[in-house]
Amino acid sequence: MTSSVMQRRARRVFFVCMIGALPTSACGDGTRAASGLADTTGGAGLRTSTLEAGPPLAEVLIPNAFEGDARQIAEGQRLYGWMNCAGCHGPKGGGGIGPPLADQDWIYGGESEHIFQAIMQGRPNGMPSYRGKLTEASAWRIAAYVRSLSEEQSGDSAQSTQQGPADQGAQQGNRQ
Amino acid sequence: MMQVQSALDPAGAGSASIASLWWFMFAIGTVVFIGVMVATAWAFVRHRRATPAAEPLAFDKRVDDADDKRASRVVGIAAATTVAILIVTFALSLGTSRANARLATEDGAEIEIVGVQWWWEVRYLDSLPSRVVRTANELHLPAGRSVRLKLRSRDVIHSFWAPNLHGKMDMIPGRENTIWVRADRPGTYRAQCAEFCGLQHTRMAMAVVIHEAPEYDAWLESLRAPARIQSDSLAIAGAAAFVRLPCAACHMIRGTDALGQAGPDLTHFARRLTIAAGELPNTPANLSAWLANPQAIKPGNHMPNVSLSPADLSALVAYLSGLQ
């Protein structure tokens, strides 16, 4: 019998004694219980169950069917204006009373579904819920438009980072 | 209900002068066409009659002086007549434009029409802002009074065209175009967008209702009132549903909590002749079909399919049909 199996059995006996026979304090097999005690005090800590928590679940996101569809994004842009999103987030998502939407910083996540949830459920400190005021399809269209805003921005920054090293190289070349 | 739109059935000063110019040009065109056809036919006949007797090749034959003179006289008269016709027609069309430009007068009320994909917002302007009324998809005019129409657009280029009243005028985003109209004959006519503006361009129409002047004043005054409060239980449920559901986010019903600006104002919806910008006659059955699935009737329009429960649908239809 390997030592790990023995440990496990000893522990099991110990817990049965603790729970089942606490008032009498008379365990059936004193020596095994004592060895169990000695084992657990020497280990990492008390384990109350052989069940343990699994790794964190990967987030399952609902894909936005309208993303990347120019016509639906244009429709989202209209709704962005009509629902007065610009009143807080600024025209083109530049920000104002509310946080900007055209950058890469997201307080509650930047996936389409997070934006959809923000629209439908609202967020603390000011973002109202539009559930009941917008159909779900309309909210998804707005989410697609909001996503397109930051994509525009990241597209630009990608271009500038591509240009960056080239410019530096050119400057170094000039210096040399 | 709505008469066929026709520039040849003038109901106003502008279209009347345009129609008379059109008839004059049509008459001249007819005369010229008949003249050309007769001359062509005559040339064929003469050729056939002359061919057997004359030499097959007439190139060498010397044309005598008399023939030459007669030919040049005919050509001269024809050229002079053509020029005269052109000048007269040009002068008449200038006169028509001038007459239409002079429609502007002192008593002219102002109405603003805003083209939106794919409907019309109509605002009856007043020097007092509280008396300005906003409505949609119907233009009411008093007979015998000049009215200044200010034409604007909210999205793309549209064109206002009520052929029974006047010619076309474009509605350009960021700009205000103006035409003056004077309706003379009461009746209900049809206006249509005349500049391609997207998917539902052909279904962007509007009723033009011309009233006798006193009747118009009373109509406009009654339009300023807020929405009628209804006592029917189904209509009360409809009023609550209108605010609870997404309807109120886009539509305004004055006197209620529905304050949306994106879509047509529905304060006096039941008075309208049509729904969806001239698309369907305004009956409860059509309204029900429209609310159940607006995308089936005008695909691509900006009113979303709100999945209404049957109870909400019938309540909304009852409520909207009662908004006199």
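Counting restarts for each chain: residues are numbered from 1 in the order of the written sequence. Each chain takes a letter, starting from A, and each ligand takes a number, starting from 1, following the order in which they are written. Two thresholds apply to this predicted model, a pLDDT of at least 70 for residue-level local features and 80 or more for giving and counting side-chain atom pairs, whereas whole-chain, interface and lining totals are computed over all residues.

(A) Region of interest: the overall build of chain A. What chain A contains, in helices and strands, is 6 helices and 0 strands. Only DSSP runs of H or I reaching four residues or more are called helices, and only runs of E reaching two or more are called strands; each is numbered from the N terminus. In sequence order, chain A lays out its α and β elements as α-α-α-α-α-α. Whether a residue is buried, exposed or partly exposed follows from its count of other C-beta atoms within 10 Å of its own C-beta, namely 20 or more, 12 or fewer, or something in between, respectively; the C-beta atoms are built from the backbone. Here chain A, with 176 residues, has 19% of them falling under the buried criterion. Counting contacts in chain A only where the partners sit at least 6 residues apart, residues at least 24 apart contribute 56% of the total. Contact between two residues is assigned whenever their backbone-derived C-beta positions fall within 7 Å.

(B) Expanded view of the overall build of chain B. For chain B, the helix and strand inventory stands at 8 helices and 12 strands. For this measure, only C-alpha atoms enter the radius of gyration; the expected value for a globule follows 2.2 Å times N^0.38, where N is the number of residues. The C-alpha atoms of chain B give 29 Å as radius of gyration, which overshoots the globular expectation for 324 residues (20 Å, by more than 25%). For chain B, the C-alpha atoms occupy an extent of roughly 100 × 45 × 35 Å along the three principal directions. Buried positions account for 31% of the 324 residues belonging to chain B. In chain B, the share of contacts with a sequence separation of at least 24, taken over all contacts with a separation of at least 6, comes to 67%.

(C) Seen up close, the environment of serine 222 of chain B. With respect to the helices and strands, the residue serine 222 of chain B is situated in helix H3 (residues 213-223). Sequence-wise, serine 222 of chain B and histidine 268 of chain B are 46 residues apart; in three dimensions their C-alpha atoms are separated by 9.6 Å.

(D) Fine view of the sheet that holds strand S5 (residues 146-153) of chain B. Residue and element names in this part refer to chain B. Two strands form a pair only when DSSP identifies at least two bridges running between them. Spatially, S3-S2-S1-S5-S8 is the arrangement adopted by the 5 strands of the open sheet, whose pairing is mixed. At either margin of the open sheet sits one strand with a lone partner, and together these are strand S3 (133-136) and strand S8 (177-182). On average, adjacent strands in this sheet sit at an angle of 25 degrees to one another, irrespective of strand direction. Each axis is a line fitted through C-alpha atoms, and for a helix only the stretch in contact is used; angles between axes span 0 to 180 degrees, taken between their N-to-C directions.

(E) Expanded view of the pairing of strand S1 (residues 109-116) of chain B. Residues and elements named next belong to chain B. Sheet topology places S1 next to S5; 7 bridges connect them, and they run parallel. What sits directly across from glycine 115, in S5, is serine 153. Across 6 bridges, the pairing between S1 and strand S2 (residues 119-124) is antiparallel. Along S2, the bridge assignment pairs isoleucine 111 with tyrosine 124. What sits between the antiparallel neighbours S1 and S2 is a turn of 2 residues.

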